[in-house]
Amino acid sequence: MSPKPPGVDTVERSWRSPLRGPWLTAIYGTALLVALPLVIITGLLDYAAYGPRFDQAFPTNVGWLRLPAFDWPTRPSWLFRVTQGLHVTLGIVLIPVVLGKLWSVLPKLFDWPPARSLAQALERLTLLLLVGGILFQIATGLLNIQYSYVFGFDFYTAHYFGAWIFTGAFVAHVVIKFPRLVTALRSRPLGAEARTSRAATRPEPPDPDGLVAAVPGPATVSRRGAVGLVGGGALLLAVLTIGQSLDGPLRRTALLLPRGRQPGPGPNGFPVNRTVAAAGVRPEQTGPGWRLALRGNGRTVTLDRPALLAMAQHTAALPISCVEGWSTRQTWTGVRLRDLAALAGVAEPASARVSSLEQAGLFRTAILASNQVLDPDSLLALRVNGVDLSPDHGYPARVIVPALPGVHCTKWVAEIDFRGRADG
Amino acid sequence: MAERAARLRARYGAGPWHLVLVTAAIVLAGWVALRVADEATAGRMLLWFLGAVIAHDLVLFPVYAAVDRVLRTLVRGRVTLLNHLRVPALGSALLFLVYSPGILRLGETTHLAATGQDQRPYLVRWLLLSAALFLISALGWLLRRRQASSKRSESA
Ligand code: HEM
């Protein structure tokens, strides 16, 4: 055996916590095993909700990592509110669990020698992918929802590909460790552990993985305390995050997040995703001179706002759900998109391309699939909660479609191009 | 078959399934890395990926372990007091870790463009929440001490 470098023994003996051991690791691991697949699936659903079929999910060019093609449904109308709310909320709530799990296995990082076989060497490489992957996903996600793009790369590209690296390593890790997890959970009945006080807390017996400290100190926290601490951290984050997905007074409980705040009073006082000023849409563009152009079958129909208001109006209470996880349900009134399609001469459109007055943003146009145009609640909204839309909410007219990500509910609409089956 | 598996185990250090799983994960990651390598910002992504691990394992962990060591020396064996300091300190640090982009006002302009609001309130709110955590914990500690001393005087 090669000699240990100096200090290795000191490091080994300096791990003193008597709580580290297979059981505690397995408890944190089980929580992650149950919850992380939900985060992965809802994240991939977010990609699907953008409509990769129309090349409008980012990153666009993903090769083999393409998802099975399907039209994002419009029902239930709260679908995206739930999937993306779950993705972000659960992603945040799991942070203390991830930190607790990493704490419980940290001595392994300093193992000497680093690998005793090729199997161990390869496994350690996947662990780097696993830990790097989850920390990378958490960091980019957290910065994104708080609008701090300090990382200086494209969020979509990083978070989408990062997700695949993480998922691959996660699957390998789970399958390899599952037998250990089961043994560890069986080794100490949960009920008995929940009744064990700090004074009665003893180290677990030495384990083959070397998680249990060689020279454990006395317990300053019981095992139930350690589990409770992580659970309490998760609860704290849940309480301070869930508000961004709720309406009414509870919204303000998201004290440290942008979407816990009410941007002003009145019927238009709900969160904005992009201000009119940021979009560079000028008042003279949205004044009486504004016209909506409807294209279809090679013809163009032009309407002004009074003409739109003179058409049959429909009212629907629909959530606007942002890809950043927040959402709010409001009551929208306007013209049904399918009525506009009929007016343009394409009663059964295969898709519709909606363009905004906005010149520069990534989302100045969005393509809606057939089901999204034809849903009876899909609207070109002119009013919200009984009053005209405010400039920030898209005056003179904006799209609102059930279960569609907010970024595709185009604001300051200038043109809708309905495409028939043939020119799909 | 069994013999081959045994030979693999001797040479490789684990069973065939292990080899399949770790190879699949590494190949997937390698394929993704090659795909992303064309991006102008690929280097930064790699830096953040590895940087996240280093930041956790070699910065965050040593820092919180060292702070805990200092706390333990300060309280000199009073474990209940120790835990009534640890819990609010961890709570406050957790909130800072998760919500630091707002608290430190990183990205004021994007925040303003997206929401129409500035990032001013978050720092004060975090301080107030932290103060509340410490206060609640301190009250809990006082209550425990009272109970303990009244029990002692009862039994005296
Ligand atoms: C294991 C952890 C995670 C995985 C595997 C994961 C996976 C994904 C995937 C595949 C997407 C779709 C990306 C795209 O449309 O290009 C996504 C979107 C997103 N994720 Fe995550 N994620 C994780 C953790 C988190 C966390 C912790 C947060 C934040 C708190 C977060 C925030 C977001 C946001 C805001 C989006 C939407 C981005 C957008 O479409 O604009 N994620 N996630």
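Structural notes, computed from the coordinates. Bear in mind that the values here come from a model prediction, so they are computed numbers and not experimental data.

The next thing to look at is the overall build of chain B. Across its full length, chain B carries six helices and zero strands. In sequence order, chain B lays out its α and β elements as α-α-α-α-α-α. Relative to the 2.2 N^0.38 estimate, which gives 15 Å for 156 residues, the radius of gyration of chain B is 26 Å and therefore markedly larger than a compact globule would have. The principal-axis extent of the C-alpha atoms belonging to chain B is close to 75 × 55 × 25 Å. Buried residues in chain B amount to 29% of all 156 residues. Here the contacts in chain B between residues at least 6 apart in sequence split such that 34% fall between residues at least 24 apart. Roughly 9,900 Å² of accessible area belongs to chain B as shown, and the carbon and sulfur atoms make up 69% of that amount. Treating the 19 positive side-chain charges of chain B as one cloud and the 8 negative ones as another, the clouds have centres 12 Å apart.

It is worth spelling out the coordination of the iron atom of the ligand at this point. All names here are of chain A. Coordination of the iron atom of the ligand by the protein comes from His-87 (NE2) and His-159 (NE2), over a distance range of 2.0 Å. Bound by six donor atoms, the iron atom of the ligand shows angles of 84 to 179° at the metal and therefore octahedral coordination geometry. Of this pair, His-87 sits in helix H3 (residues 79-93) while His-159 sits in helix H6 (residues 155-187), and the two are 72 residues apart along the sequence. By relative accessible area, which is 16% here, His-159 ends up buried.

Turning our eyes to something else, we now look at the sheet that holds strand E1 (residues 292-296) of chain A. Residues and elements named next belong to chain A. Reading across the sheet, the five strands line up as E2-E1-E10-E5-E6 and stay open at both edges, with mixed pairing between neighbours. Where the open sheet ends on each side, the last strands, each with one partner, are strand E2 (299-303) and strand E6 (365-369). On average, each strand axis in the sheet is tilted by 20° relative to the strand beside it, whichever way the strands run. In this sheet, E6 lies alongside strand E5 (residues 351-356) in antiparallel orientation, the contact comprising five bridges. Each bridged residue has a counterpart across the sheet, and for Ala-352 the counterpart in E6 is Leu-368.

Quick look at a nonpolar patch on the surface now. On the surface, a cluster of nonpolar side chains totalling about 640 Å² of accessible area is made up of Val-11, Leu-109 and Phe-110 of chain A together with Ile-54, Leu-58, Val-59, Val-63 and Val-67 of chain B. The element contributing the most residues to the nonpolar patch is helix H3 (residues 42-75) of chain B, with five residues. Mapping Leu-58 of chain B onto the fold places it in helix H3.

For the rest of this paragraph, the subject is the pattern of salt bridges. Residue and element names in this part refer to chain A. Scanning all chains against the criterion turns up 21 salt bridges over all chains. A salt bridge links Arg-53 to Asp-71; the shortest N-O distance between them is 2.9 Å. Taken together, the residues Arg-53 in the loop between helix H2 (22-49) and H3 and Asp-71 in the loop between H2 and H3 connect sequence positions 18 residues apart. In this structure Asp-71 comes out as partly exposed when scored by relative accessible area, which is 37%. Residues Arg-383 and Asp-388 are paired through a salt bridge, measuring 3.4 Å at the closest nitrogen-oxygen approach. Overall, the relative accessible area of 28% leaves Arg-383 in the partly exposed class. The partly exposed category is assigned to Asp-388, whose relative accessible area is 35%.

Residues and elements named next belong to chain A. One way to put it is that helix H5 (residues 118-145) packs onto H6 with a least axis distance of 8 Å and a crossing angle of 140°. Taken together, the axes of H5 and H6 lie oblique to each other. The element H5 and its partner H6 pack so that their crossing is left-handed. Contact with H5, carried on its side by Glu-123, Thr-126, Leu-127, Leu-129, Leu-130, Gly-133, Ile-134, Phe-136, Gln-137, Thr-140, Gly-141 and Asn-144, involves Phe-155, Ala-158, His-159, Gly-162, Ala-163, Ile-165, Phe-166, Ala-169, Phe-170, His-173, Ile-176 and Lys-177 of H6 and no other residues of that element. Residues that form the contact of H5 with H6 fall into these classes: 13 nonpolar, nine polar and two charged.

Before going further, it helps to spend a moment on the site of the ligand. Residue and element names in this part refer to chain A. Around the ligand, the surrounding shell holds 30 residues, and the nearest of these are Asp-46, Tyr-50, Phe-58, His-87 and His-159. Elements with a contribution of two residues or more to the shell around the ligand: H2, H3, H5 and H6. Split by residue class, the shell around the ligand holds 20 nonpolar, eight polar and two charged.

Before going further, it helps to spend a moment on the environment of Leu-211 of chain A. Residues and elements named next belong to chain A. Tracing the sequence through the fold places Leu-211 in the loop between helix H7 (190-194) and helix H8 (223-241). Each C-alpha atom, one on Leu-211 and one on Gly-21, is 4.9 Å from the other, the two residues being 190 residues apart in sequence. When residues no more than four places from it in sequence are discounted, the contact partners of Leu-211 are Arg-20, Gly-21, Pro-22, Thr-25, Ser-104, Val-105 and Lys-108.

About the thresholds
- Residues numbered from 1 in each chain as written.
- Chains lettered and ligands numbered in written order.
- Predicted model: local features only at pLDDT ≥ 70, side-chain atom pairs only at ≥ 80, totals over all residues.
- Heavy atoms only, no water.
- Helix = DSSP H or I, 4+ residues; strand = E, 2+ residues; numbered from the N terminus.
- Rg over C-alpha atoms; globule rule 2.2 N^0.38 Å.
- Buried < 20%, exposed > 50% of the residue type's maximum accessible area, 1.4 Å probe, protein only.
- Contact = heavy atoms within 4.5 Å.
- Areas by Shrake-Rupley, 256 points an atom, 1.4 Å probe, with all protein chains shown as cover.
- Lys, Arg positive; Asp, Glu negative; His and termini not counted.
- Charge placed at Lys NZ, Arg CZ, Asp CG, Glu CD.
- Donors = N, O, S within 2.8 Å, 3.2 Å for Na, K, Ca; no water.
- Tetrahedral: all angles 85-135°; square planar, octahedral: opposite > 155°, others 65-115°.
- Pairing = 2+ DSSP bridges.
- Axes fitted to C-alpha atoms, helices over the stretch in contact; angles between N-to-C directions.
- Patch = residues over 30% accessible without salt bridge, like charges linked within 9 Å, V, L, I, M, F, W, Y side chains within 5 Å.
- Salt bridge = Lys/Arg side-chain N within 4 Å of Asp/Glu carboxyl O.
- Parallel < 35°, antiparallel > 145°, perpendicular 65-115°, else oblique.
- Left-handed = near helix turned anticlockwise from the far one by under 90°.
- Nonpolar A, V, L, I, M, F, W, Y, C, P; charged D, E, K, R; others polar.
- Near = heavy atom within 4 Å.

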